[in-house]
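Understanding the architecture of this molecule
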Amino acid sequence: MNDEILVNITPQETRVAVLSAGQVQELVVEREASRGLVGNIYVGRVARVLPGMQSAFVEIGLERAAFLHVADLWEHRRSGAANGGNGNAVKPIEKMLAEGQPVTVQVLKDPLGSKGARLSTQLSVAGRLLVYLPQDPHIGISQRIEDEAGRTVLREKLKQLMPEGETGGFILRTLAEGASDDELRADIEYLRNLWRDVRERALGTQPPRLVYQGLSLAQRVLRDMVSADTEAVRVDSRENHQMLSDFARAYMPGLAAKLQHYTGERPLFESYNVEQEIEKALARRVELKSGGTLVFDQTEAMTTVDVNTGGFVGRRNFDETVFKTNLEAAQAIARQLRLRNLGGIIVVDFIDMDSAEHRTAVLEEFRRALARDPTRVTVSGFTALGLVEMTRKRTRESLAHVLCEPCQACSGRGQVKSARTICYEVLREVLREARAFNAREFRVLASPPVCDLFQEEESGALAMLSEFIGKPVSVQVESGYVQEQYDIVLL
Ligand SMILES: [Zn+2]
């Protein structure tokens, strides 16, 4: 019972930190501007039916009309299933939709560039453990629950829990695998209430109108991240605390008491040291208490983590020091992977250990630390080269992807050409332009470090060039230029 969840809300973004024993374990940031429309349900109006393309444009109140293909019509899917998956026997779209007709639709794909959103009339709303399919009396199970016996048990369990007279169906999500009856019952209850509200909103409404919006990050925190271990969810905005309390009372009454409005003097994320942890989770290098360091490198293909000892390690205690550093690294890496939300292939290069016993102990410690991560991970043993390979399921984007962009100064390479390299580039360029154009004079605009070189160590080279081309060459500092940036002006 010592987990805390901190929610920092501004009109532009929501930031969430999960703390365990006072230490930040997970960070999630959602920006209003990048919140998509997928999952939103609208009552729209059919704008045009295109029999040739077996599709229709539907007005849902966005800039561009949205696109609905016959294959995404609920009737089509249903009859397709009834005909053994062969959807050809279904009616053409012009027999099912007419211009001006109101139609309830859900967004499958966000609009992109000149393309409108893509819609479906097969509706669903997701809970924590289940997805509710109000039109379809079918029980499905996530493909990712692989155990065949477990699938049968789950299906039976859900059938028992289904309320009398329920005409819709459910899909069991991966998390449902270990859920108790009470948890499943609560999710069924939540989804049926949610759907009742959506239907009420849709009834007799004037299209186009949004009738269901996918949950905000703060709402998803309540639905997905609060557990029995969560002591409190602290929200720093009065208005949002009120809204979340209403949401919790309506759908998750057990959680309402955990919601607290944070009114401290200092900003919430500062008083819990979260800002500092965010900075650390964006850094390439992480310092360990033992003096060692971790170095994280994220490439397209994988993430590598290099473990180093700190400074001088005495010969006598060498093995022990390495062992201790690796043990500390194992814990720190597991925590950083979760904080940074790194997914895909991860390769860890622990410091070499001679003792097989030590290697086993480090690997065990690493596995134990990773077990606290709710995201699925698999870890191999040491490879022939002494590396530990692992995978971590990709979920949201990594923290760095949400908060950062490639460095403009180095175009993301992590290195810039040296000032001297740029000096010589400038000299070649002036020579090339002197041959191509007939200017009176050349002026070089460059960054301060490049200009410093031209005025001191490389002033001779500049003078030689000027003499060689028979034209004056002057240098002007542009303090706003990054090191690799320069311009040559012809006067
Ligand atoms: Zn850079």
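In the block above lies the structure referred to throughout.
Reference entry: report on the structure contained in this document. Since the structure is predicted, the reported quantities are computational estimates derived from the model, not experimental observations.

1. Some thoughts on the overall build of the protein chain
Secondary structure summary: the protein chain contains 14 helices and 24 strands in total. At 30 Å, the protein chain has a C-alpha radius of gyration far larger than the 23 Å of a compact globule built from 491 residues. The buried share of the protein chain, taken over its 491 residues, is 43%. As presented, the protein chain carries roughly 26900 Å² of accessible surface, and 49% of it is formed by carbon and sulfur atoms. Across the protein chain, the mean location of the 61 positive side-chain charges is 4 Å away from that of the 68 negative side-chain charges.

2. As for the coordination of the zinc ion
Around the zinc ion, the protein supplies Cys407 (SG) and Cys410 (SG) as donor atoms, at distances of 2.2 to 2.3 Å. The class for cysteine 410 is buried, based on a relative accessible area of 5%.

3. Here we look at the environment of leucine 123
Position of leucine 123 among the secondary structure elements: in the loop between strand 8 (118–120) and strand 9 (125–126). Placed 82 residues apart in sequence, leucine 123 and isoleucine 41 show a C-alpha to C-alpha distance of 7.8 Å. Apart from residues lying up to four places away in sequence, leucine 123 is in contact with Ile41, Thr104, Val105, Gln106, Tyr132, Leu133, Pro134, Gln135 and Trp195.

4. Digging into the packing of helix 4 (residues 181–202) against helix 6 (residues 238–251)
Where helix 4 contacts helix 6, the axes come no closer than 9 Å and their chain directions differ by 115 degrees. With respect to helix 6, the element helix 4 is oriented roughly perpendicular. Residue-level contacts link Tyr190, Asn193, Leu194 and Asp197 of helix 4 to Phe247, Ala250 and Tyr251 of helix 6. Among the residues forming the contact of helix 4 with helix 6, the class breakdown is 5 nonpolar, 1 polar and 1 charged.

5. What to know about helix 14 (residues 459–469)
When helix 14 is considered as a whole, its buried residues turn out to be Leu462, Leu465, Ser466 and Ile469. The buried residues of helix 14 occupy an angular sector of 100 degrees when the element is viewed end-on, so they sit on one face. For helix 14, exposure combined with an orientation more than 90 degrees from the buried face picks out Met464, Glu467 and Phe468. On its buried side, helix 14 packs onto helix 12 (419–436), strand 22 (442–446), helix 13 (448–455) and strand 23 (473–477).

6. Brief notes about the side chain of serine 398
Checked against the element boundaries, serine 398 lands in the loop between strand 21 (388–392) and helix 11 (399–403). With a relative accessible area of 6%, serine 398 lands in the buried category.

7. Regarding the nonpolar core
Leu130, Leu172 and Leu222 are the most contacted members of the largest nonpolar core, which has 48 residues in total. Top element by residues in this core is helix 4. It accounts for 7 residues. Each residue touching leucine 222, except ones within four places of it in the same chain, is listed here: Val233, Leu244, Phe247, Ala248, Met252, Leu255 and Leu259. Membership of the second largest hydrophobic core comes to 28 residues, among which are Ala330, Ala332, Val348 and Met353.

8. A word on the pattern of salt bridges
Throughout the structure, instances matching the rule amount to 26 salt bridges. With a shortest N-O distance of 2.7 Å, arginine 15 and glutamate 275 are connected by a salt bridge. Placement of arginine 15 in strand 2 (residues 13–20) and of glutamate 275 in helix 8 (residues 274–282) is noted, with a sequence separation of 260 residues between them. Assessed through its relative accessible area of 14%, arginine 15 is described here as buried. For glutamate 275, a relative accessible area of 30% corresponds to the partly exposed category. One salt-bridge network, held together by shared partners, links Glu13, Arg15, Arg31 and Glu275.

9. Things to note about the side chain of histidine 358
In this structure, histidine 358 sits in helix 10 (residues 356–370). For histidine 358, a relative accessible area of 16% gives the class buried. The residues contacting histidine 358, other than those within four sequence positions of it, are Asp319, Glu320, Phe323 and Met353.

10. A short note on the sheet that holds strand 14 (residues 230–235)
If you walk across this open sheet you meet the 5 strands as 3-2-1-14-15, and the pairing is mixed. Strand pairing shows two members of the sheet lacking a second neighbour, strand 3 (23–31) and strand 15 (259–261), which therefore form its edges. Along the sheet, successive strands turn relative to each other by an average axial angle of 20 degrees, direction set aside. Summarising the sheet, strand 14 and strand 15 pair through 3 bridges and their orientation is parallel. When the bridges of strand 15 are listed, arginine 234 appears paired with glutamine 260. Set on the sheet, helix 6 makes contact with strand 1 (3–9), strand 14 and strand 15; between it and strand 15 the angle comes to about 160 degrees. The strands that helix 8 touches are strand 1, strand 2 and strand 3; relative to strand 3, the one it contacts most, it runs at about 80 degrees.

Cut-offs and rules
Residues numbered from 1 in each chain as written. Predicted model: local features only at pLDDT ≥ 70, side-chain atom pairs only at ≥ 80, totals over all residues. Heavy atoms only, no water. Helix = DSSP H or I, 4+ residues; strand = E, 2+ residues; numbered from the N terminus. Rg over C-alpha atoms; globule rule 2.2 N^0.38 Å. Buried < 20%, exposed > 50% of the residue type's maximum accessible area, 1.4 Å probe, protein only. Areas by Shrake-Rupley, 256 points an atom, 1.4 Å probe, with all protein chains shown as cover. Lys, Arg positive; Asp, Glu negative; His and termini not counted. Charge placed at Lys NZ, Arg CZ, Asp CG, Glu CD. Donors = N, O, S within 2.8 Å, 3.2 Å for Na, K, Ca; no water. Contact = heavy atoms within 4.5 Å. Axes fitted to C-alpha atoms, helices over the stretch in contact; angles between N-to-C directions. Parallel < 35°, antiparallel > 145°, perpendicular 65-115°, else oblique. Nonpolar A, V, L, I, M, F, W, Y, C, P; charged D, E, K, R; others polar. Arc of directions from axis to C-beta. Core = buried A, V, L, I, M, F, W, Y, C linked by side-chain atoms within 4.5 Å. Salt bridge = Lys/Arg side-chain N within 4 Å of Asp/Glu carboxyl O. Pairing = 2+ DSSP bridges.

Nothing here speaks to function; it is all geometry.
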